[in-house]
Amino acid sequence: MAVGITAIGSYVPYWRIERKTIGQAWSRGSMKGEKSVGNTDEDSLTMGVESAIRCFTDTNRENIGALLFASNTAPYSEKSTAATIATVCDLAQDIFTADLSGSTKAGANALKLAFGLAGTKDVLVTASDTRAGWPKSDQEQLFGDAAASVVVGTDGIIAELVDTYSVNNEIIDVWRNTGEQYINYGEGRFIMDNGYTAAMKKAVAGILKKSGKTAAEFSKIILSTPGMKDGDGIAKKNGFTPEQMQNNFMLEVGNSGAAQPLFMLADAIENAKDGDLLLMAAYGNGADAFIFKVTGKVGGLKKHNTVQNSIATKRTLTSYTKYLSFRGHLEAVAGEPFRTFPSNAAYWREGDGILKLIGSKCNCCGSSIYPVHRICYNCGTKDEFKKVNLSGRTAKVFTYSIDNLAGSSEDPVVVQTVADDAEGFRYYLIMTDFEQKEVAIGQEVEFTFRKMYIGGNYVNYYWKCRPVKRGGAQ
């Protein structure tokens, strides 16, 4: 029975910083391009949710029987992020969830496991990272934040799995000790020659030999890379041409860790045609390689949230100190605190509204209510409603208020928003990723899962709204 990828989703944060801004702050040279930066209310979990939900434009969440989350920067050292993402995505409770980490090929590891798990039910693989390089280091300029997801199944395949091949390579080249914030690197030439280059060369050559295919048969080769062009030599040594190299997005996004190979794969599939062969290899103390054959169903992909659209929608941070504050590397003066007292019991009990963005539709009078109300405020009936998932909808701003002092000191403006959707559901949410001058009544917004604050020594998440952007610099 054939198995392969049936849906894809990707996400790049709204904010970017040019590498020359980082270099100038340290009076050192800078690399070309820019990198993506998660907002103050984003982390690997929220970005993973973004990319996962985007898969549901091409597949049904009811088909998902397992969720694998890959990241080296999960919000908790001990607590399942996969379980949270599955709940936020409103997946069934009787599914398998697992978290993978430990190397930059964690996303590829999850993908390989998914092919073994897929059968009567599909597997959702989500990879997301927000890695931090030491200030003034090359990695500070190279690392970018992003997420990518794929659904693996046996029905509706857009990219069929042809073959896989893996190699193991123990070397202390890239590591982060428990409790540390920044990534450590060994001596450059040593770790490249004996780590990345050795493993990737073996993986690519190995899968070509195993499959009996030649480089000329492939439309694209997709190679994860720690730097700007480290994959070029691997491709050339195995007979690939520059035209076959998949864009690694190092100039636009940066090295997104566990998400990088799946992010590149998503773009390759979005721009592929029926019959194209794709070779992907991901590095991390060894390498995993895959061959995919694109099917005719790729033409049916909905193209609203493509990799290219995500990259094109952006706003630039012009201050290095604000970047440090955004990433939590530099603590600014505390802003207005949330006057709330978190309860993990209430958080669990009200999960439908807090995590899933579930509303209710009255069976008697048809009233649309968010969050779920057991008693309809229009006709007064009790427990006569059906639940409705609202996360993929858009709405229009009905009214709003702007408070210039309510937020944190580095991002003080808070837009309290009331918005209505086409079915009559009304939402009261905070707006994020906005330009203050563009906020207006009638503005179209969509929903995004974000961090709210740290309380009770755990992260409190909730939904926010953001302006709908069709692609393009802001």
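As a reminder, the structure under discussion sits directly above these lines.
Residues numbered from 1 in each chain as written. Predicted model: local features only at pLDDT ≥ 70, side-chain atom pairs only at ≥ 80, totals over all residues. Heavy atoms only, no water.

Let's talk about the overall build of the protein chain
Link 1 in the chain: Across its full length, the protein chain holds 12 helices and 22 strands.
Link 2 in the chain: Radius of gyration (C-alpha) of the protein chain: 22 Å, near the 23 Å computed for a compact globule of 474 residues.
Link 3 in the chain: Counting contacts in the protein chain only where the partners sit at least 6 residues apart, residues at least 24 apart contribute 71% of the total.
Link 4 in the chain: Surface summary for the protein chain: the accessible area is close to 20,600 Å², and the carbon and sulfur share equals 50%.
Link 5 in the chain: The distance from the centre of the 52 positive side-chain charges to the centre of the 52 negative ones in the protein chain is 2 Å. (Helix = DSSP H or I, 4+ residues; strand = E, 2+ residues; numbered from the N terminus. Rg over C-alpha atoms; globule rule 2.2 N^0.38 Å. Contact = heavy atoms within 4.5 Å. Areas by Shrake-Rupley, 256 points an atom, 1.4 Å probe, with all protein chains shown as cover. Lys, Arg positive; Asp, Glu negative; His and termini not counted. Charge placed at Lys NZ, Arg CZ, Asp CG, Glu CD.)

Describing unusual backbone geometry
Link 1 in the chain: For the bond from Y370 to P371, the omega torsion is -5°, close enough to zero to count as cis.
Link 2 in the chain: For F249, which is not glycine, the phi torsion reads 60° and is therefore positive.
Link 3 in the chain: Mapped onto the elements, F249 comes out in the loop between α7 (230-237) and α8 (260-270).
Link 4 in the chain: When its relative accessible area of 1% is taken as the criterion, F249 is described as buried.
Link 5 in the chain: Positive phi is not limited to glycine here, since D383 has a value of about 55°.
Link 6 in the chain: Relative to the helices and strands, D383 is located in the loop between β16 (368-369) and β17 (385-389).
Link 7 in the chain: Accessibility expressed as a relative area gives 37% for D383, which makes it partly exposed. (Buried < 20%, exposed > 50% of the residue type's maximum accessible area, 1.4 Å probe, protein only.)

Things to note about helix α6 (residues 188-211)
Link 1 in the chain: Taking 1.5 Å per residue as the helical rise, α6 with its 24 residues ought to reach 34 Å, and the 33 Å between its terminal C-alpha atoms agrees with that figure.
Link 2 in the chain: When the local axis directions of α6 are compared, the greatest deviation, roughly 35°, occurs at T197.
Link 3 in the chain: Taken together, the buried positions of α6 are occupied by I191, G195, Y196, T197, A199, M200, A203, V204, G206, I207 and L208.
Link 4 in the chain: Along its buried surface, α6 packs onto β8 (159-168), β10 (184-185), β11 (220-223), α7, β12 (277-283) and β13 (286-294).
Link 5 in the chain: Regarding α6, its N-cap is E187, as a side-chain oxygen of that residue lies 3.2 Å from the backbone nitrogen of R189 further along.
Link 6 in the chain: Where α6 ends, the next residue or the one after it, G212, has phi of about 75°, a positive value. (Expected span 1.5 Å × (residues − 1). Bend = angle between axes of the 7 residues up to and from the residue. Polar contact = N/O pair within 3.5 Å; in protein donor to acceptor, adjacent residues only side chain to side chain.)

A closer look at a nonpolar patch on the surface
Link 1 in the chain: On the surface, Y400, I402 and I441 cluster together into a nonpolar patch covering about 260 Å² of accessible area.
Link 2 in the chain: Locating I402 in the fold gives a position in strand β18 (residues 394-403).
Link 3 in the chain: Residue classification places I402 among the partly exposed residues on the basis of a relative accessible area of 31%. (Patch = residues over 30% accessible without salt bridge, like charges linked within 9 Å, V, L, I, M, F, W, Y side chains within 5 Å. Salt bridge = Lys/Arg side-chain N within 4 Å of Asp/Glu carboxyl O.)

A word on the packing of α6 against α7
Link 1 in the chain: Running from N to C, α6 and α7 point in directions that differ by 40°, and their axes come no closer than 10 Å. Judged on the interaxial angle alone, α7 and α6 are oblique. Crossing handedness for the pair α6 and α7: right-handed. Residues M192, Y196, T197, M200, K201 and V204 of α6 form the contact with α7, whose own contacting residues are D230, G231, I234 and K237.
Link 2 in the chain: Partitioned by chemical class, the residues of the contact of α6 with α7 number five nonpolar, two polar and three charged. (Axes fitted to C-alpha atoms, helices over the stretch in contact; angles between N-to-C directions. Parallel < 35°, antiparallel > 145°, perpendicular 65-115°, else oblique. Left-handed = near helix turned anticlockwise from the far one by under 90°. Nonpolar A, V, L, I, M, F, W, Y, C, P; charged D, E, K, R; others polar.)

Concerning the sheet that holds β17
Link 1 in the chain: Judged by pairing direction, the sheet is antiparallel, and its three strands sit side by side in the order β16-β15-β17 without closing on themselves. With partners counted over all chains shown, the strands left at the sheet margins are β16 and β17, one partner each.
Link 2 in the chain: By the bridge criterion, two bridges tie strand β15 (residues 358-362) to β16 in an arrangement that is antiparallel. Residue pairing across strands places K361 opposite S368, the latter belonging to β16. (Pairing = 2+ DSSP bridges.)

Remarks on the pattern of salt bridges
Link 1 in the chain: Using the criterion set out here, one finds 24 salt bridges in the structure.
Link 2 in the chain: Between D90 and K356 there is a salt bridge; the shortest N-O distance is 3.8 Å. Of this pair, D90 sits in the loop between α3 (81-88) and β5 (96-100) while K356 sits in the loop between α12 (351-354) and β15, and the two are 266 residues apart along the sequence.
Link 3 in the chain: With relative accessibility at 23%, the residue D90 sits in the partly exposed group.
Link 4 in the chain: What makes K356 buried here is its relative accessible area of 18%.
Link 5 in the chain: Where K361 meets E423, a salt bridge forms, and the shortest distance between an N and an O atom there is 3.0 Å. Note that K361 is positioned in strand β15 and E423 in the loop between β19 (414-420) and β20 (426-431), a separation of 62 residues in sequence.
Link 6 in the chain: Linked by salt bridges that have partners in common, D41, E42, D433, R450 and K464 make up one network.

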